[in-house]
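Remarks on the overall topology
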Amino acid sequence: MTWETVIGLEVHVQLSTKTKLFSGASTTFGSEPNTQVDLIDLGLPGVLPVANKEAFYKAIRFGLATNAEINQVSMFDRKNYFYPDLPKGYQITQMEKPIVGTGSILINVDGAEKLINITRAHLEEDAGKSIHDLFDGETGVDLNRAGTPLLEIVSEPEISNAKEAVAYFKAIHQLVTFLDICDGNMAQGSMRCDVNVSVKKIDDKALGTRAEIKNINSFKFIERAINFEVARQIKRLEKGESIIQETRLYDSIKNETRSMRSKEAANDYRYFPEPDLLPVVISDKELEEIRITLPELPKQKEIRFIEEHSLEESEAKILASSKAMANLFEDASTKTKDSNLIAKWLVGDVSALLNKENISIEESNLSSVNFAKLIERISDKTISGKIAKSVLEEIWVSGNDVDLIIQEKGLVQIQDESILEDIAKKIIEANPDQVNAYKGGKEKLFGFFVGQVMKETQGKANPQGVNEVLKKLLDT
Amino acid sequence: MDKETVATISYLSRLAFDKQNEEKITRDLENIIKFVDQLDSIDTSDIEPLKSPLEKTAKTREDKISAQNRKEQFLKNAPDANDDYFLVPRVVE
Amino acid sequence: MSIQFKTIKELSSMLQSKEVSNYELLQETFKLVKSYKHLNAFITLNEENALKKARNLDNNTSDLSLSGIPIAQKDLFVTKGLRTTCGSNMLSNFIPPYSATVIENLENAGCISIGKTNMDEFAMGSSNETSFYGNVNNPWGENLVPGGSSGGSAAVVAAGIVPAATGTDTGGSIRQPASLCGITGIKPTYGRISRWGMIAFASSLDQAGPMARTAEDCAILMNEMCSHDNKDTTSLDETIPDFTKDLDAPVKGLKIGIVKEFDLSKLDSNVVKVFEDSKKHYESLGVDFVEVSLPNINLSVPTYYVVAPAECSSNLSRFDGVKFGKRCNDPKDLEDLYIRSRSEGFGEEVKRRILIGSYVLSAGFYDAYYKKAQQVRRLIKNDFDNAFKHVDLIMSPTTRGTAFEAGSMSDPIQMYLEDLFTVPANLAGLPGISIPSGYLDSKPLGIQLIGNSLQESQLLNVAHNFQMTSDWHLRTPPTRSK
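All residue numbers refer to position in the chain's written sequence, counted from 1. The order in which chains are written sets their letters, starting at A; the order in which ligands are written sets their numbers, starting at 1. Totals for whole chains, interfaces and linings use all residues, but because this is a predicted model, local features are given only for residues with pLDDT of at least 70 and pairs of side-chain atoms are given and counted only at 80 or more. Hydrogens and waters are ignored; side-chain quantities use all the structure's heavy atoms.

Turning to the overall build of chain C, a few remarks are in order. The way it works is that DSSP assigns letters per residue, a run of H or I at least four long becomes a helix, a run of E at least two long becomes a strand, and they are numbered from the N terminus. For chain C, the helix and strand inventory stands at 15 helices and 11 strands. Each principal axis of the C-alpha atoms in chain C carries an extent, and together these give about 65 × 55 × 45 Å. The buried share of chain C, reckoned over its 482 residues, is 69%. Any two residues whose heavy atoms approach within 4.5 Å are treated as being in contact. Considering only residue pairs separated by 6 or more positions, chain C has 76% of its internal contacts joining residues 24 or more positions apart. Buried, partly exposed and exposed residues are distinguished by accessible area as a fraction of the type maximum, computed with a 1.4 Å probe on protein chains only: under 20%, between the cut-offs, and over 50%, respectively.

On a plain count of helices and strands, chain B comes out with 3 helices and 1 strand. Taken from the N to the C terminus, the helices and strands of chain B come in the order α-α-α-β. In this setup the radius of gyration rests on C-alpha atoms only. A globule is expected at 2.2 Å times the number of residues raised to 0.38. On C-alpha atoms alone, chain B measures out to a radius of gyration of 23 Å, which is more than a quarter above the 12 Å that the 2.2 N^0.38 rule sets for 93 residues. Dimensions along the principal axes, computed over C-alpha positions, put chain B at roughly 55 × 45 × 25 Å. In the structure as shown, chain B presents an accessible area of about 5600 Å², 44% of it carried by carbon and sulfur atoms. Here the accessible surface of atoms and residues is derived via Shrake-Rupley with a 1.4 Å probe, and residues count as covered only by protein chains that are part of the display.

A separate point is the sheet that holds strand β1 (residues 86-89) of chain B. Here the rule is simple: two strands pair whenever DSSP picks up at least two bridges between them. Read across the sheet, 3 strands follow the order β7(A)-β8(A)-β1(B) without closing on themselves; strand pairing throughout is antiparallel. Edge positions in the open sheet fall to β7 (129-135) of chain A together with β1 of chain B, since each of these has one partner strand only. Strand-to-strand, the axes of this sheet are offset by a mean angle of 35°, without reference to chain direction. Between N-to-C directions, angles cover 0 to 180 degrees, with each direction set by a line fitted to C-alpha atoms, over the stretch in contact for helices.

The next thing to look at is helix α6 (residues 298-309) of chain A. Residues and elements named next belong to chain A. A helix is expected to reach a length of 1.5 Å times the quantity of its residues less one. Compared with an ideal rise of 1.5 Å per residue, which puts 12 residues at 16 Å, α6 spans 16 Å between its outermost C-alpha atoms and is within 8% of the ideal. Contacts from the buried residues of α6 go to α3 (162-178), α7 (313-320), α8 (323-335) and α9 (339-357). Looking one or two residues beyond α6, the residue adopting positive phi is Ser-310, at roughly 55°.

A separate point is the nonpolar core. Take the buried Ala, Val, Leu, Ile, Met, Phe, Trp, Tyr and Cys residues and link them wherever side-chain atoms come within 4.5 Å; each set so joined is a nonpolar core. Counting 180 residues, the largest nonpolar core has Phe122(C), Tyr282(C) and Phe384(C) as the members making the most contacts within it. Apart from the residues lying within four places of it in its own chain, the contact partners of Phe384(C) are Leu294(C), Ile297(C), Ile394(C), Pro424(C), Ala428(C), Leu430(C) and Ile450(C). If you look at the next biggest cluster of nonpolar residues, it comprises 73 residues, including Leu9(A), Ala59(A), Ile159(A) and Ile234(A).

All names here are of chain A. Viewed as axis vectors pointing N to C, α8 and α9 meet at an angle of 145°, and their least axial separation amounts to 10 Å. Helix-helix and strand crossings are classified by hand; for α8 and α9 the assignment is right-handed. Here α8 contributes Met-325, Leu-328, Phe-329, Ala-332 and Ser-333 to the contact with α9, which in turn contributes Ser-339, Ile-342, Ala-343, Leu-346, Ser-351 and Leu-354. The handedness criterion is simple: a crossing whose near helix is rotated anticlockwise from the far helix by less than a right angle is left-handed, and one whose near helix is rotated clockwise is right-handed.

The step from Gly148(C) to Ser149(C) runs through a cis peptide bond, and the omega angle for that step is 10°. Here Ser149(C) shows up in the loop between β3 (112-117) and α5 (151-158). For Asn67(A), which is not glycine, the phi dihedral falls at a positive 50°. In this fold, Asn67(A) is placed in the loop between α2 (53-65) and β2 (73-74). Despite not being glycine, Asn143(C) has its phi angle at roughly 60°, a positive value. Note on placement: Asn143(C) falls in the loop between β3 and α5. What makes Asn143(C) partly exposed here is its relative accessible area of 37%.

The next thing to look at is the environment of Leu420(A). Residues and elements named next belong to chain A. By the element assignment, Leu-420 lies in helix α13 (residues 417-430). Along the backbone, Leu-420 and Glu-468 are 48 residues apart, and their C-alpha atoms lie at a distance of 9.7 Å. Those residues in contact with Leu-420 that sit more than four places away from it in its chain are Ile-414, Gln-415, Ala-461, Asn-462, Gly-465, Val-466 and Val-469.

With that out of the way, let us pick up the interface of chain C and chain B. How big an interface is tends to be stated in terms of the accessible area lost upon association of its parts. The partner chain B presents 52 residues to the 62 residues of chain C that form the contact. Salt bridge, as used here, is a side-chain nitrogen of Lys or Arg placed within 4 Å of a carboxyl oxygen of Asp or Glu. On the surface where chain C and chain B come into contact, there are 5 salt bridges. A 3.5 Å cut-off defines polar contacts: any pair of N or O atoms within that distance qualifies, except that in protein one atom must be a possible hydrogen donor and the other a possible acceptor, and neighbouring residues in sequence count only when both atoms are side-chain atoms. Linking chain C with chain B are 19 residue pairs in polar contact (both at pLDDT 80 or more), by the criterion used here. For the side of chain C that touches chain B, the elements supplying multiple residues, two or more each, are α9 (300-315), α10 (334-345), α11 (348-361), α12 (367-387), α13 (412-416) and α14 (423-428) of chain C. A per-element tally of the side of chain C that touches chain B places α12(C) first, with 11 residues. Side-chain classes are defined by residue name, with Ala, Val, Leu, Ile, Met, Phe, Trp, Tyr, Cys and Pro counting as nonpolar, Asp, Glu, Lys and Arg as charged, and the others, Gly among them, as polar. Class assignment of the residues belonging to the side of chain C that touches chain B gives a composition of 31 nonpolar, 16 polar and 15 charged.

Here we come to the interface of chain B and chain A. Facing the 36 residues of chain B at the interface are 51 residues of chain A. Here the buried area means the combined drop in accessible surface, using a 1.4 Å probe, for two parts upon being joined, counting both sides. Across the chain B/chain A interface, buried area totals approximately 3800 Å², and carbon plus sulfur atoms make up 60% of it. Note that Lys51(B) is salt-bridged to Glu96(A), the shortest N-O span being 3.6 Å. In this structure, the connection of chain B to chain A is made through 21 residue pairs in polar contact (both at pLDDT 80 or more). Taken together, the elements giving at least two residues each to the side of chain B that touches chain A come down to α1 (3-12), α3 (71-76) and β1 of chain B. Of the residues contributing to the side of chain B that touches chain A, the split by class is 14 nonpolar, 8 polar and 14 charged. Here 4 bridges tie strand β8 (residues 138-142) of chain A to β1(B), and the two strands are oriented antiparallel to one another.

Residue and element names in this part refer to chain A. Looking at the element boundaries, Glu-468 is found in helix α16 (residues 463-474). Among the residues examined, Glu-468 registers a relative accessible area of 51% and is labelled exposed. Measuring from C-alpha to C-alpha, the distance between Glu-468 and Glu-417 comes to 9.1 Å, with 51 residues separating the pair along the chain.

Right, let's talk about α8(A) for a bit. Residue and element names in this part refer to chain A. Counted at 1.5 Å a residue, the expected span for α8 with its 13 residues is 18 Å, and the 18 Å between its end C-alpha atoms agrees. What α8 keeps buried is the set Lys-323, Ala-324, Met-325, Ala-326, Leu-328, Phe-329, Ala-332 and Ser-333. Packing partners of the buried residues in α8 comprise α3, α6, α7, α9 and α10 (368-379).

Let us look at the pattern of salt bridges. If you walk through the whole model with that rule in mind, you get 66 salt bridges over all chains. Connected through shared salt-bridge partners, Lys373(A), Glu376(A), Arg377(A), Asp380(A), Asp401(A) and Asp403(A) make up one network.

Residues and elements named next belong to chain A. Pairing is antiparallel in the open sheet, where 3 strands are placed in the order β4-β3-β14. Each having just a single partner strand, β4 (90-93) and β14 (272-273) make up the two edges of the open sheet. Sheet topology note: the strand β3 (residues 77-80)/β4 ladder contains 4 bridges and is antiparallel. Pairing of Asn-80 across the sheet is with Tyr-90, part of β4.

As a general feature of sheets, a regular strand has side chains that alternate between the two faces. Residue and element names in this part refer to chain C. The buried fraction of β3 is high, at 6 of 6 residues. Judged from the 3 bridges that link them, strand β1 (residues 42-45) and β3 form a sheet pairing that is antiparallel. Paired with Thr-44 across the strands is Lys-116, a residue of β3. Both strand β2 (residues 70-74) and β3 contribute to a ladder of 5 bridges, which runs parallel. Residue pairing in the sheet places Lys-74 in a bridge with Thr-117 of β3. When the strands point away from the viewer and the connection leading from the first strand across the helix to the second strand turns clockwise, the crossover is called right-handed. Assessed by its sense of winding, the connection that carries the chain from β2 through helix α4 (residues 101-108) to β3 is right-handed.

Here it is as structure tokens:
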């Protein structure tokens, strides 16, 4: 009774334009509610939409980077339904002729590469936000987000498990941030996805009924939601029950998917061509211009890092894989000379911390200025590499300035030769047996003395200096 | 036009009718649909639908902020709002 | 000195020669408004502001083309700070935070908006009997309809209260009331006048236009109303000519088409006689009449009654009681809020059209109705394109008859057929004008001229010639002030 899973993802990417898709209101995140709402966004009687050219350019970049067909003549349609955060009672979207047609993207799962085909990517306007739990018996509506441009990317149902789904979502995330079309900040809702999941017996030709899990905005939750849903569906089918085609929500606290069961599911969206917007045409010249000015993609960056900074291939790959990482690397490289040290720390300690919490650099407390300073303090020997690790952990938690942390915790490395010599002499005098054993040939005991000096200095002694001083005192 | 269809499209349009008017509306709709069914009399198999009388394409705008903050004005004129949000009865998802 | 029934040209002249001051003109205008209260032509008046503006003009002369001219604005155009209802209960408390481009254009040219005229609710109707604010009465007769949806605008011009008013035309709502009220009204080519600030009924059909006593006044207004507006991507970028320039050009040699498929034998013989007399009149001016065939034109009304309701059902979804407009009392949940606010806020005709619209767009019916209608629409447009290869203009009656009694047309479909002659121009996006051409039982009747795309100048020229050689447009209704 072997089951296989069929998954398709619809990723909604908020395009990083300054203004909305159809109005000149700002798209800045986190502003006071209802302060970024134009007459057009409110849907007042008599208003008309005017398309933002930049949104098209960003969408096209995505299309070019996924080797997709670009529809130079794109049209809009209305999707009609009622909801408080949908001011016009319809969403302007692209149903019939999306700006980007079929393309594909390479994903990487545990070292293996797989090509996932993308059916289409189209432009549409985002809705506002409904806030249900703040007001006594009422729902509050904030229309700041209403009208923000979204690129909805629809994959073919070629994803076979949760890991692949996460890899796909990560690949899209990487691509859209590299292309500079989305800030990739998932905590702020810049990227969300709907997951369509169905299962079928391996030898069945027909696909199973699918359920749609809506609005997931983290890599972690995608994996958990899919795993739960697959198990749920298999359990039902094995019992002989059927799967209802419906919309579900993922509850991250209970780790389960729940049926939305609202009448929305029975909605007929009555799509028809948007009469207020004539077709938007992107000229051959514009298309060429976008092609030429396409930002550097991960592969190109990787090659450049190897050439310009003499990095190892494995290091370059990791640094080039995330725009934030790459930016952090390049930024820090301008502030301090030791690129290799920077790379080592990013690939090592910083990546480890990111992976542990499964967050991205933008979500962390590590700023490029602070990181560069940390590396500099290692380079100039203010602190040792070991101490630097604890400083990094402190920055991770508090986001405080490197120098402040070093000062407050008294972590400045002891480099003064005379101080080190005094401490070393003290240790040597206190441990005559070990001294004799060392001088007698037990060379490994050198480490004991180093350790004692370190202990005495709470790890602040400069390791190289300690070695030199001990060698001087013991080897004479 | 059966009762169910009228009920469905009424709901889609968020309109409701009392018993009396329900019958009249159903009759009106039936008559209007019958009237527009005349369109069937002609073959349009290869005709491209006319979406707008204008044979032109749209102008677009630059990505520059041009809207002003009208929060106070909008909320003041809303049927129900507090200082920050438009308010509706609690929606249960 | 009476200002009643004066044209824009005449009033401008009176103001310039200081025969009347701006303030006096507006004072007299409002006196007329009050004495014609029984027409119920206004929903909201702008008296205080208007008088203030007039007072300012007296203190600071201006050389704007329409300086000091009082104008009535159809309550479908949003006016900043001045209540705009669109003839509906839904917007009975709506004060717009901005003004329509058309309003701004006219006011920038010096016009003084004296108030918002009554209209069929959300522009849906052909008799001004669907307004929440009551019927408008035709100045030509007790209990007669003025036509719709721009009934209020037509009535105030016909009664000589103002020289001009703005109207909107989606299926004939400027031309039909112009015909029933004995005035001149033109619907320009789709896209000539910006739709920014026009409360949308059917987006691909709606167009604003002037309603006045003469073609010449319409031309003067067209010069100011037309503009390319970046806020409306459906607004044309074409050069706007001076519509008054070639008004007097002779019409000799022009070819006017008579549509074969508009079987006029089905009309009342008296109506046909008025039409034939108009033809003869034009022939005497040197015009040649040619028969043209527009084989699909009789499908215009059913096409219109699929396309327009579909677009309006979507356009009116924004009226949900959430952000503006009326909300029902004590909604118990969201669904209740939507359903009751909308059911209480909209009148019967509006609800009918929303339902039809939702139906023809719904899954399973879209292809058979909406898509089909848009295909037939293309055929109708093609028919016009072909006809205009052989003729310069097309002429027809504007309406099937004169103004009817209020309440006499209870069947929606019968009312829809009133739009028979006017709807085709909207479907094809072409300009059309209606001018007074005769009287039956002391009730006016108009003829319609339809032009090719962007040919408003020619329409106005042909209309003007008719008016220079006849006096139908000079007749006035009995001054039945209260």
